[in-house]
Amino acid sequence: MIKDITIGQYFPFNSVIHRLDPRTKLLFTIVFIVTVFLANNFVSLFFCMLLSAAVIGLSKIPVKTVMKGLKPILLIIVITSILQIAYVDSGIVLVDEWKIKITSGGILTAVFMTLRISLLIVMSTMLTYTTSPTSLTNGLDRMFAPLKKLGIDFHTVTMIMTIALRFIPTLIEEVDKIMSAQKSRGASFDQGNLMKRAKALIPLFIPLLFNSIRRAYELANAMTCRCYNGGKGKTTMNALKFSLRDYMSILVMAFLIGGIIVLNIFCGEYNAEFTFNLAV
Amino acid sequence: MSHLETQNLTYVYGEGTPFKITALDNVNIDIPKGEFVAIIGHTGSGKSTLVQHLNGLLKPTDGKIFLDGENIWQSKSKIFDTRFRVGLCFQYPEYQLFEETVYKDIAFGPTNMGLSKAEIDERVRNAAKYVGIPNDMLEKSPFDLSGGEKRRVAIAGVISMEPEILILDEPTSGLDPMGREHILALIKNYREQTGKTVIIVSHSMDDVARFATKVIVMNSSKVEMSGTVDEVFEKASRLREIGLSVPQITEIFIKLREKGYPVSEKIYTVEQGYLELKKLFEGRGIS
Amino acid sequence: MSIIEFKNVTFRYDSDEEGVVLAPAVKDFSLSINEGEFMAILGHNGSGKSTLAKLANGLLLPESGTVLVDGMDTKNEDDDIKIKQTVGVVFQNPDNQIVATIVEEDVAFGPENLGIEPAEIRRRVDESLKIVGMYKYKNHEPHKLSGGQKQRVAIAGIIAMEPRCIILDEPTAMLDPEGRRDVMKAIKRLNRELGITVVFITHYMEEACEADRIVVMDDSRLLLDGTPKEVFADTDKFRSIGLDVPQTCILAKMLKNDGINLKNDLLSIDELVENIDDLLKGQ
């Protein structure tokens, strides 16, 4: 049923990760992304992998579900891998026939890139898997509140996000209803060429647009009646408070960045030939 | 012969997911030609799902639907055909208007049927007449009309396909008493003039009592009972159990009977009630 | 003491695109709503009753005349928040009033805007949800609730601001009978148990019968004002403006026209049945 679509792919489990302050998780994700980019050798990357494995383990979210998040970008991974293999020419030549030349360097770079992209995706999906959309927007709101001093009103942005999240299911239901109604009058949405299909969408989009404007107008009235004035002097029921967990996580972040820098210096920039020889 | 018939109609949402819901469970209904059928039941009883099967909008999980003895799911072209023969007007249909003018919106269905310009024109004007839309309104934008007018335009948009069966899902919801009367009167009028089968889905027992010739009561995805208005309203206590009620006036007579007065329980309108009470008072020499 | 006072209020909406000046939606309207009252406003669509709701808390401002909320003029911008907090409004379509993606967070929206302390918001949210019977749904997503449930969440969102008066603009028009019953029950509780002034705009006369006082609007003006029994006694006037009258009233009236000596103020089924029973037994 269309009503059961979950937005933002949030999995409401009760875990340490779920209970973290959304700001901590946002910050953690950003730090992690930076670290993954900083990591320039396999050892550093392995370190990052260990950390993400720990996060997944603590979150109680099944590994299979997490891996599903990689599905949409599988194609990108495959294409970049092929490009790396085709263009990187370093290390030991493995295949050199006709116009195809595959080197150990190419393969390793492909593996390195794949791991890097996968780590980025896995950790960003972990953020939405473990944080409800509202608590995420709440976190963003608070995190960027200081920007107000610079004249950037981030509250409006988060309010828009919240309303969008709230109304997506309502609009999906509405699309479904209008489509059924127009189909009952003989409209078809899946026949003919592209032009014809685009034209067939008019009976869907015009009512949807009109209804959305009406909704927006009514919602604005309702919000005004509930004393909304652009977030001035607004408090929050679930006030965000850093707990011990959050401070611990910040420590972990510090160690992570520090550790990666040390590892980078210690292991040096990864050298395809050297690593390959090590592996063999 | 039955006009529209379902055989063991079953419909399941979200098969294989934790959200699996059986919306229709082995539903058998039989609608003869020319009847005014009311389908009643509380929200979630399956009545809206049922009517969306009758014009082929939803495909049954199990069971069959016959229109004039032919299975509507026999072939793909058949299904398209069924949508024109069984016209379905959704709840709050005014929210589906989209054309620049009222005329064009009413013409949407007939245009999709591939009719000639002359035929379309005739049908649009006919349909407008049934719902009481004057000629000068046809060139207006549907978005400039009042709520009640929009609703009538939307109903005309289904009538213009000249369906053999007209189905209206809660045609009076959200309207004020005057608007409600207006819509019901036009439906009644349409049926009398065309002699076609009409099915309405409704919560309002008052409306059902006044117009329907046959009632189908849905409860938790099944047909709870069906029959004439008398047959169904006789079971007032069962109706109350499943979240429905009988008209206020019927309630008065049920209570009078409980007090031992020899009045009929088959009273559904104020006029009937008045005559029945008059008889009672006259019988006792009071008037 | 009156909580809301309309004094010769006239209001018209902006002229349309072609510049045609519209007729006033409310014309020279005066009404005093008393604190603690349960009032129903009846009228057909376009009679001006919904405009009243928006005028009552300053969402719309009168063209002429004054609206006073607890003595504050709605035209005075400085009192705007105070006025909106004193008079809460619930609208017809529950979908278009819910802001947040979780029930309890939506109910918290009003108090949050008022800058209430978090612990106090929590208390108010829990209490408001309990009053409307939606407490066990506090962690649900609003779009998965039924119409009647959503409307009760919307009402809780207003109660959480602790207003002294709540105006409900056709809150049951889009609901099924069951949803309507639950919402009515919640509204009655607000008035009877919490002592909040309730102004209930509707065109269902059976719901209006629950009120202490009924005001009937027609053609942008106040037509009738009285108790349900007083108002419904004039069945002919009522039906002439396109409103329903309880079937008991019509039936009683028809019988009385025939000289049957029924009482004048029969409203409920039981009252009518009793009266008929008495008359017949009296023989």
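Going along each chain's sequence as written, the residues are numbered from 1 onward. To label them, take the chains in the order written and letter them from A, then take the ligands in the order written and number them from 1. Where totals are concerned, whole chains, interfaces and linings use all residues; where local detail is concerned, this predicted model gives features only for residues with pLDDT of at least 70, and gives and counts side-chain atom pairs only at 80 or more. Side-chain descriptors were evaluated using all non-hydrogen atoms of the structure, hydrogens and water having been removed beforehand.

Peer 1: Explanation requested: the overall build of chain A in the structure shown.
Peer 2: Runs of E in the DSSP output that reach at least two residues are strands. Runs of H or I that reach at least four are helices, and both are numbered from the N terminus. From N to C terminus, chain A includes 12 helices and 2 strands. In sequence order, chain A lays out its α and β elements as α-α-α-α-α-β-β-α-α-α-α-α-α-α. For the radius of gyration, the atoms used are the C-alpha atoms, and the globule rule reads 2.2 Å times the number of residues raised to 0.38. Relative to the compact-globule value of 19 Å for 280 residues, chain A shows a C-alpha radius of gyration of 25 Å, a clear excess of over 25%. Each principal axis of the C-alpha distribution contributes one length, and for chain A these read about 70 × 55 × 40 Å.

Peer 1: It is not clear to me how the interface of chain A and chain C should be interpreted in this structure. Could you clarify?
Peer 2: Much of the literature gives interface size as the accessible area that the parts lose upon coming together. On the side of chain C, 40 residues touch chain A, which itself brings 32 residues to the contact. As a working definition, buried area equals the accessible area (1.4 Å probe) given up by two parts on being put together, with both sides summed. For the pair chain A and chain C, the summed buried area comes to about 3,200 Å², and 56% of that belongs to carbon and sulfur atoms. Its largest share of buried area at the contact with chain C, chain A owes to A:Arg166, A:Arg226 and A:Met237, together 29% of the area lost on that side. Here, a salt bridge means any side-chain nitrogen of Lys or Arg that lies within 4 Å of a carboxyl oxygen of Asp or Glu. At the surface where chain A touches chain C, the tally comes to 3 salt bridges. A salt bridge links A:Arg226 to C:Asp106; the nearest nitrogen and oxygen atoms lie 3.4 Å apart. In protein, a polar contact means a hydrogen-donor-capable atom and an acceptor-capable atom, both N or O and within 3.5 Å, with residues adjacent in sequence counting only if both atoms are side-chain atoms; elsewhere, any N or O pair within 3.5 Å suffices. Our count for the chain A to chain C interface comes out at 11 residue pairs in polar contact (both at pLDDT 80 or more). Sorting the residues of the side of chain A that touches chain C by element identifies α8 (154-184) and α10 (202-225) of chain A as the ones contributing at least two each. Residue contributions to the side of chain A that touches chain C peak at 9 residues, all from α10(A). Under this grouping Gly is polar, as are all residues other than the nonpolar Ala, Val, Leu, Ile, Met, Phe, Trp, Tyr, Cys and Pro and the charged Asp, Glu, Lys and Arg. Of the residues in the side of chain A that touches chain C, the class split is 14 nonpolar, 9 polar and 9 charged. We call two residues contacting when some pair of their heavy atoms lies within 4.5 Å.

Peer 1: Whenever I open this one, unusual backbone geometry confuses me. Can you help?
Peer 2: Of all residues except glycine, most have a negative phi; of all peptide bonds, most are trans. With a phi angle near 50°, B:Tyr92 is a residue other than glycine that sits in the positive phi range. Tracing the chain through its elements places B:Tyr92 in the loop between β7 (86-89) and α3 (102-112). Phi is positive for C:Asp28, which is not a glycine, with a value near 40°. Structurally, C:Asp28 is set in strand β2 (residues 26-34). Throughout, exposure labels follow a simple rule: accessible area from a 1.4 Å probe, protein chains only, divided by the maximum for the residue type, with under 20% read as buried, over 50% as exposed, and the rest as partly exposed. Its relative accessible area of 47% is what places C:Asp28 among the partly exposed residues.

Peer 1: Explain the pairing of strand β1 (residues 2-11) of chain C to me, please; I cannot follow it from the model alone.
Peer 2: As a general feature of sheets, a regular strand has side chains that alternate between the two faces. Residue and element names in this part refer to chain C. For β1, a buried count of 7 out of 10 residues is recorded, marking the element as mostly surrounded by other parts of the structure. Relative to strand β4 (residues 64-69), β1 runs antiparallel, the two sharing 5 bridges. Bridging across to β4, lysine 7 finds its partner in threonine 66. In this scheme, strands are said to pair when DSSP sees at least two bridges between them.

Peer 1: Help me understand the packing of helix α11 (residues 270-283) of chain B against helix α11 (residues 269-281) of chain C in this model?
Peer 2: A pair of packed helices can be characterised by two numbers: the angle between their axes and the separation between those axes. Interaxial angles span 0 to 180 degrees and are taken between N-to-C directions of axes, which are lines fitted to C-alpha atoms, for helices over the stretch in contact. For the pair α11(B) and α11(C), interaxial distance at closest approach is 10 Å and the crossing angle is 20°. One element, α11(B), and the other, α11(C), form an angle in the roughly parallel class. Pair α11(B) / α11(C) crosses with right-handed handedness. Of the residues in α11(C), those touching α11(B) at B:Leu277, B:Leu280 and B:Phe281 are C:Ile276, C:Leu279 and C:Leu280. Taken together, the residues of the contact of α11(B) with α11(C) break down into 6 nonpolar, no polar and no charged. Roughly parallel here means an angle under 35 degrees, roughly antiparallel means over 145, roughly perpendicular means 65 to 115, and every remaining angle is called oblique. Here a crossing is called left-handed whenever its near helix is offset anticlockwise from the far helix by less than a right angle, and right-handed whenever the offset is clockwise.

Peer 1: Looking at this model, I keep getting lost on the side chain of B:Glu94. Mind explaining?
Peer 2: Residue and element names in this part refer to chain B. Within the secondary structure, glutamate 94 is located in the loop between β7 and α3. Reaching out from glutamate 94, the side chain makes a polar contact with the side chain of arginine 151 at a distance of 2.9 Å. For glutamate 94, the contacting residues outside a window of four places in its chain are Lys150, Arg151 and Ala154.

Peer 1: I would appreciate a short explanation of the packing of aromatic side chains in the present structure.
Peer 2: The geometry of an aromatic ring pair comes down to the distance between the two centres and the angle between the two planes. Pairing of aromatic side chains requires ring centres within 6.5 Å, counting the rings of Phe and Tyr and the six-membered ring of Trp. Pairs whose planes differ by under 30 degrees are stacked, by over 60 edge-to-face, and all others tilted. According to the stated counting rule, one finds 14 aromatic pairs over all chains in the structure shown. Pairing A:Phe210 with B:Phe143 gives two aromatic rings, centres 3.6 Å apart and planes at 10°, and the pair type is stacked. Of the two residues, A:Phe210 is situated in helix α10 and B:Phe143 in the loop between α4 (117-131) and α5 (147-159); the pairing between them involves two chains. Residue B:Phe143 is classed as partly exposed on the basis of its relative accessible area of 24%. Between B:Phe36 and B:Phe211, the aromatic rings sit 6.4 Å apart at their centres with planes inclined by 20°, giving stacked as the arrangement. Highlighted residues: B:Phe36 in strand β4 (residues 36-40) and B:Phe211 in helix α7 (residues 205-211), separated in sequence by 175 residues. By relative accessible area, which is 4% here, B:Phe36 ends up buried. The residue whose ring lies beneath C:Arg180 is C:Tyr204, and the NZ or CZ to ring-centre distance is 3.9 Å. Think of it as a cone above the ring: NZ of Lys or CZ of Arg counts as a charge over the ring if it is within 6 Å of the ring centre and within 35 degrees of the ring normal.

Peer 1: What am I meant to see in α11(B) here?
Peer 2: Along an α-helix, residues three or four apart share an orientation, since each turn contains 3.6 residues. What a helix should span is 1.5 Å times the count of its residues minus one. In this model α11(B) runs 20 Å from its N-terminal to its C-terminal C-alpha over 14 residues, within 8% of the 20 Å that 1.5 Å per residue would give. The elements touched by buried residues of α11(B) are α10 (248-258) of chain B together with α10 (247-257) and α11 of chain C. B:Gly285 sits one or two residues past α11(B) and shows a positive phi near 75°.

Peer 1: Help me understand the interface of chain B and chain C, please; the structure alone is not making it clear to me.
Peer 2: Each side of the interface is counted separately: chain B has 32 residues, and chain C has 35 residues. For the pair chain B and chain C, the two sides together bury roughly 3,200 Å², of which 65% comes from carbon and sulfur. A per-residue breakdown of the area chain B buries against chain C is headed by B:Gln248, B:Tyr274 and B:Phe281, which together make up 18% of the total. Counting every contact that joins chain B to chain C gives 9 residue pairs in polar contact (both at pLDDT 80 or more). Looking at which element gives the most residues to the side of chain B that touches chain C, the answer is α11(B), with 8 residues. When the residues that make up the side of chain B that touches chain C are grouped by side-chain class, the tally is 15 nonpolar, 8 polar and 9 charged.

Don't take any of this as a statement about function, it's just geometry.
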